[in-house]
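Per-entry structural report
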Amino acid sequence: MARPGAAPAAGPRGPGAAVTASIQSLRHRVETLPILRLLAGGDELHTSVALAQGFVASMMILVGSWGVGWLATTQQSIFARTTFLNPLRVESAGVVACTVLLALGSMILCRAWLRLGQRGGPQTRASLAAVRNAVLLWSAPLMFTFPIFSRDVYSYLGQGRLMHAGMSPYENWISQLPGWFAQGSDSLWAESASPYGPLFLMASRGVYYVTGGVPEAGVAIFRVFAAGGVLLCLYALPRLARRLGSDDAWAVWISVANPLFLLNMVAGVHNDAVMVGGLLLGFLLVFRGNRLAGVLAVAVAISIKPIVVLALPFLGLAMVARDAGWAARVRAWLYTALVAGAATALLGWASGLWFGWIKAMATAGSAAFPYAPVGLLGLGVGWLSSLLGGDLEDTADVVYALFKALTVGLTVWLALRRPGGPPVLHCAYALTAAVLLAPIIQPWYLLWLVPLFAASRVYGGWWVKGWYLLSMVLVLVGVVDQLSVAQWINLTLVRVLAAGVGLVYLGYIVFIDPKTASLFGNSRPRPTNRNGATTP
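Residues numbered from 1 in each chain as written. Predicted model: local features only at pLDDT ≥ 70, side-chain atom pairs only at ≥ 80, totals over all residues. Heavy atoms only, no water.

1. Details of the overall build of the chain
Of regular secondary structure, the chain possesses 22 helices and zero strands. Counting across all 536 residues of the chain, residues that qualify as buried make up 54%. Of the contacts made within the chain by residues no fewer than 6 positions apart, 74% connect residues no fewer than 24 positions apart. Working note: accessible area of the chain is about 22,900 Å², and carbon and sulfur atoms make up 67% of it. (Helix = DSSP H or I, 4+ residues; strand = E, 2+ residues; numbered from the N terminus. Buried < 20%, exposed > 50% of the residue type's maximum accessible area, 1.4 Å probe, protein only. Contact = heavy atoms within 4.5 Å. Areas by Shrake-Rupley, 256 points an atom, 1.4 Å probe, with all protein chains shown as cover.)

2. Considerations on unusual backbone geometry
Put simply, Arg-418 and Pro-419 share a cis peptide bond, and its omega is -10°. Assignment of secondary structure puts Pro-419 in the loop between helix H18 (392–416) and helix H19 (423–436). One non-glycine residue with positive phi stands out, namely Phe-149, at about 70°. Tracing the backbone shows Phe-149 in the loop between helix H6 (128–142) and helix H7 (152–164).

3. So, the pattern of salt bridges
If charged atoms from side chains of opposite charge come close, those side chains can pair. In the structure shown here, the tally under the stated rule is four salt bridges. For Arg-242, the salt bridge goes to Asp-248, with nearest N and O atoms at 2.8 Å. (Salt bridge = Lys/Arg side-chain N within 4 Å of Asp/Glu carboxyl O.)

4. What to know about the packing of aromatic side chains
The full count for this structure, using the stated rule, is 19 aromatic pairs. An angle of 55° between the planes, with centres 5.6 Å apart, marks the rings of Tyr-505 and Tyr-508 as tilted. In this pair, Tyr-505 and Tyr-508 both sit in helix H22 (residues 491–512), three residues apart, roughly one turn of the helix. Exposure remark for Tyr-508: the relative accessible area of 10% places this residue in the buried category. Among the aromatic residues, those joined into a cluster by ring pairs are Tyr-156, Tyr-196, Phe-200, Phe-222 and Phe-225. We note Arg-329 situated over the ring of Trp-326; from NZ or CZ to the ring centre the distance is 5.3 Å. The residue whose ring lies beneath Arg-457 is Tyr-459, and the NZ or CZ to ring-centre distance is 4.3 Å. (Phe/Tyr/Trp six-rings, centres within 6.5 Å; stacked < 30°, edge-to-face > 60°. Lys NZ or Arg CZ within 6 Å of the ring centre and 35° of its normal.)

5. A short note on the environment of Phe-149
Judged by relative accessible area, which is 5%, Phe-149 ranks as buried. Residues Phe-149 and Leu-476, 327 residues apart in the sequence, show an inter-C-alpha distance of 9.6 Å. Apart from residues no more than four positions distant in its own chain, Phe-149 is found in contact with Ser-106, Leu-263, Asn-264, Trp-444, Leu-474, Val-475, Gly-478, Val-479 and Gln-482.

6. Quick notes on the confidence of the model for the chain
Detailed reading of the predicted coordinates is not advisable wherever pLDDT is low. Mean pLDDT over the chain works out to 86, with 86% of the residues at or above the 70 mark. Across residues 1–12 the pLDDT falls below 50, and counting only partners more than four positions away or on other chains, this stretch makes eight contacts in the model. (pLDDT = per-residue confidence, 0-100.)

Next up, the structure:
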């Protein structure tokens, strides 16, 4: 708003400008309400506005998840035996309302994240304390959601049930269990070997035993486990970033405070948070000179998700100088291999699974995702082979094995380079190859990589802009793809509704919002409120 007596400021004309003006007018009216003043305005130096907006968005997601989040239907389920949530889960009006809350809340949380990164001082970057507060505040409501963005947590319980029944999740499938589908597991993984390490499978068995198979209790325990991984990332990442010369607050903001991270790790209850936290902590401890603890931390991460075994060569390189000779390198690699091998062998013995995870990791990939070019390539080559009398799956497995060999080759090449490169950055490169060359790529796999890259250096330009946009798109994809509705409600229409609401607000963030559009090269004039301060 122009000051009294000042000439009207020139601005863009057209529909976009009209929409922006209307929204700013609404914001000015809202400012007059004391209760909503914090959400409608505020000084650019105050991060509390973005924190409050993100918290409200998380509350919207919480309520939305009660209507369209994943809920087990087994008789042991507490909520499945009650009618308390029927207005939200059974009635069409409740499902529509919860879908809108989930989609809109997720996009508002994305905007709050972007605005948090723009606030905080002359450098328009929030402080580390503010970013940590955002992670804690925004995660609090997510601790009480029904699982959203994924139902893998029910597979965790199913694999714990397999262990409890004396069966190996590496050799047996969840579909062999009576009533497995009602317990919430995704049918896509019902006949796949477990991709998890022995430590996590032992923990899953313990959770199943303690809870007696009650899904809600199991979800709560696994969520505490996942939240512990987020806290571990909050501890290790900024310290590792400072040691490597990156910006600690930016590193945490771009990765851990990212809604894609929080919604997948906390609301989606993924064990990847502990895996990433253990990997970051391992590098931090090695750089501090505590080699034994560092290798053990990474061994724990391997025993949760074995893919982290690719980090071991670079953890060894972190123990020596970049220009170290071959003798020093080999000694570091031997030490790393012996300690990690002994730790995983001990866990394998304790679980009774030994090194079954090696075979499971080597053979995983019987499904393909549209996000995974290698998976689609394997199926395509397999289909062509089947036209000539070959077997589709066998041919596809050969293609997958070739790309896995390429991943190993790239990892070895990065580790053997002279002089050596930055260990954390090269570890990120190796894991990137493992993700991109795999037959299956899940959106949260990208979250293994971003903390490592962010700890290594501060990125800018189109790399960061692309990550902003990709994060928001993947959040919206997670909302649309993982909706759970009753059989008598048209899932396609509900997904279209979620996509429509999300795309409209995403378009507003990228093209119209005078604050966030500038992040994507779509600058708009920045209106001021009646006190001359810019609006949020």
